[in-house]
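# Descriptive structure summary
Spelled out, the chains give:
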Amino acid sequence: MSAPKLSVQSIEAFERPVHLRLPFRFGRATLRHAPQAFVRAFIALEGGVSSAGWSAELMVPKWFDKNPKLSNEQNFDQLRQSLAIASALTLADKTPATAFARHASIEAEHHTKCAEEGLNDLVAAFGLALVDRAIIDALGRATGKSVFALVKENALGVAAPADLPGFDMDAFLQSLSPAETIGARHTVGLIDPLRGVEIADEDRLDDGLPQALDEIVAAYGHTDFKLKVGGDVAADVDRLTEIATVLDATGKPYRATLDGNEQYESADEARALWDAMAGAPKLQKLCASILFIEQPIARSAALSVPVDALAAAKPVEIDESGGAPDAFITAKSLGYTGISSKSCKGFYKSLANCARMTAWNAAADGARYFMSAEDLTTQAGVALQQDLALATLIGCDHVERNGHHYVDGFVGSGASADEANAFKAAHPDLYARTAGGVRLIIKDGRISLRSLDAPGLASAAMPDWSTMTPIALNTDGVF
């Protein structure tokens, strides 16, 4: 179909605090609370139809920019600044254009302006990703089409990446099809308890939710896991051995990924971890279950040195180094075969990387290159649902999910009872009221995606804007 052209009339931004029920440690950072950003965009189609759309994303400190000299509040300000720049550039040109053309016309300039403000590519991607998703949502609502239909029909006007000359983007998008369910890959953080019997009375939460790994597996039926490591071979092997003891005891097969979180200085050091794991008798089943290793090397070096030695043992993907639009191309030349998809990095970026993966695998006559679906503790409601929709669109059978565990559903994310009830009513396959709150449903380790097929970007309910604090966005790109 011909992609409709639209103009963006206005953009509003909000935030509200999110409090974790359990501290979550990744790398050298421990997260206990952070604001969640929300964006509302108003568009007008040629012909006069207008609509609003929205998006949401947690503003995680010490992940987008891990500079230890920056405080958490400074990290939040970086993300607000990225959102302000993206909003200003989007609103600067009122000429009607397709949703993708509007994105493509400002992407390079957005990254340049962010760099001038000292914001790295990952921070830059955050702001543009939120604006893009709100526009996609608004377009779906204006046309009565779900994001799955918008993509399949290329109603967004997506063009093939310049590095894939001759690639049939329309045919590729037509081939994408959402599944009815997706596996929930549970993240095991560096300080997460592994056995319920080992939790001290004073540390036991009284919220009716599982706390230790063995309790989580029993409650949700997980068979997919993401295991964090911390950069010390001996300590990591000890921790993984304890984790393996819990997982092996279930007697069920499982799949796992190993997340280095940039904690190893080089590919050789990361390979030393793998060799130590492979040589540990108690880790044989866990090693056999590992699908890939996620960015073990700090982003300052990850895209400057080959990882062939490590990749010879297990496939390796980039995550934190995937902020730039061409990151997958650079990574491929260094021996990486995978890249993560995250909504905070960009909807269109994931589609472009999926197209690259498809083209490269066709040329290689096999499934050498891959994408995984990862998560920055996406919260119940808009953020969770938009990320799930993207994950299934690019063909992922499992997605890292941890927001439902570290945050107590809609209550922990600061939502009102009205908002929680609205999402539960609109998406009864996704949410249920348990232990006094509305929370995500995970059954037999999987999440239903059926109700995401609604007009817009995967949400048939809207946030309660009255619970939020506005983020002041000025037309000159400051907040």
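Note: the structure precedes this text.
These lines cover the structure that appears in this document, whether it is placed above or below.

Attention now moves to the overall build of the protein chain. For the protein chain, the count of helices and strands is 17 helices and 15 strands. A globule of 479 residues ought to have a C-alpha radius of gyration of about 23 Å, and the protein chain, at 21 Å, matches this closely. With respect to the three principal axes, the spread of C-alpha positions in the protein chain is 65 × 50 × 45 Å. Counting all 479 residues of the protein chain, 61% fall into the buried class. For the protein chain, the accessible area works out to roughly 17300 Å², and carbon and sulfur atoms hold 53% of it. Side-chain charges of the protein chain comprise 44 positive and 61 negative groups, with the mean position of each set lying 2 Å from the other.

Attention shifts here to the nonpolar core. Counting 153 residues, the largest nonpolar core has Phe64, Leu156, Met277 and Phe347 as its most contacted members. Here this core gets 13 residues from one element, more than from any other, and that element is helix H3 (residues 121-143). Apart from residues lying up to four places away in sequence, Met277 is in contact with Val237, Leu240, Leu258, Leu283, Gln284, Leu286 and Cys287.

A word on the sheet that holds strand E1 (residues 6-26). Ordered in space as E3-E2-E1-E15, the 4 strands form an open sheet in which the pairing is antiparallel. Strand pairing shows two members of the sheet lacking a second neighbour, strand E3 (50-58) and strand E15 (469-471), which therefore form its edges. Within this sheet the neighbouring strands show an average axis-to-axis angle of 30 degrees, counted without direction. Judged from the 16 bridges that link them, E1 and strand E2 (residues 29-45) form a sheet pairing that is antiparallel. Considered in E2, the bridge of Ser10 is made with Phe42. Here H3 sits on the sheet and contacts E1, E2 and E3; the angle it forms with E3, its principal contact strand, is near 145 degrees. Along the sheet face, helix H14 (residues 382-393) touches E2 and E3 and points at about 95 degrees away from the line of E3.

Right, let's get into the packing of aromatic side chains. Using the criterion set out here, one finds 15 aromatic pairs in the structure. Measuring from ring centre to ring centre gives 6.3 Å for Phe225 and Tyr254, while their planes differ by 85 degrees; the resulting arrangement is edge-to-face. Placement of the pair is Phe225 in strand E5 (residues 224-228) and Tyr254 in the loop between helix H7 (233-248) and strand E6 (255-259), with a sequence separation of 29 residues. The ring of Trp465 has Arg40 sitting right over it, with the charged end atom 4.4 Å from the ring centre. A cation sits over an aromatic face here: Lys332 above Trp360, 5.0 Å from the ring centre.

Calculation notes
- Residues numbered from 1 in each chain as written.
- Predicted model: local features only at pLDDT ≥ 70, side-chain atom pairs only at ≥ 80, totals over all residues.
- Heavy atoms only, no water.
- Helix = DSSP H or I, 4+ residues; strand = E, 2+ residues; numbered from the N terminus.
- Rg over C-alpha atoms; globule rule 2.2 N^0.38 Å.
- Buried < 20%, exposed > 50% of the residue type's maximum accessible area, 1.4 Å probe, protein only.
- Areas by Shrake-Rupley, 256 points an atom, 1.4 Å probe, with all protein chains shown as cover.
- Lys, Arg positive; Asp, Glu negative; His and termini not counted.
- Charge placed at Lys NZ, Arg CZ, Asp CG, Glu CD.
- Core = buried A, V, L, I, M, F, W, Y, C linked by side-chain atoms within 4.5 Å.
- Contact = heavy atoms within 4.5 Å.
- Pairing = 2+ DSSP bridges.
- Axes fitted to C-alpha atoms, helices over the stretch in contact; angles between N-to-C directions.
- Phe/Tyr/Trp six-rings, centres within 6.5 Å; stacked < 30°, edge-to-face > 60°.
- Lys NZ or Arg CZ within 6 Å of the ring centre and 35° of its normal.

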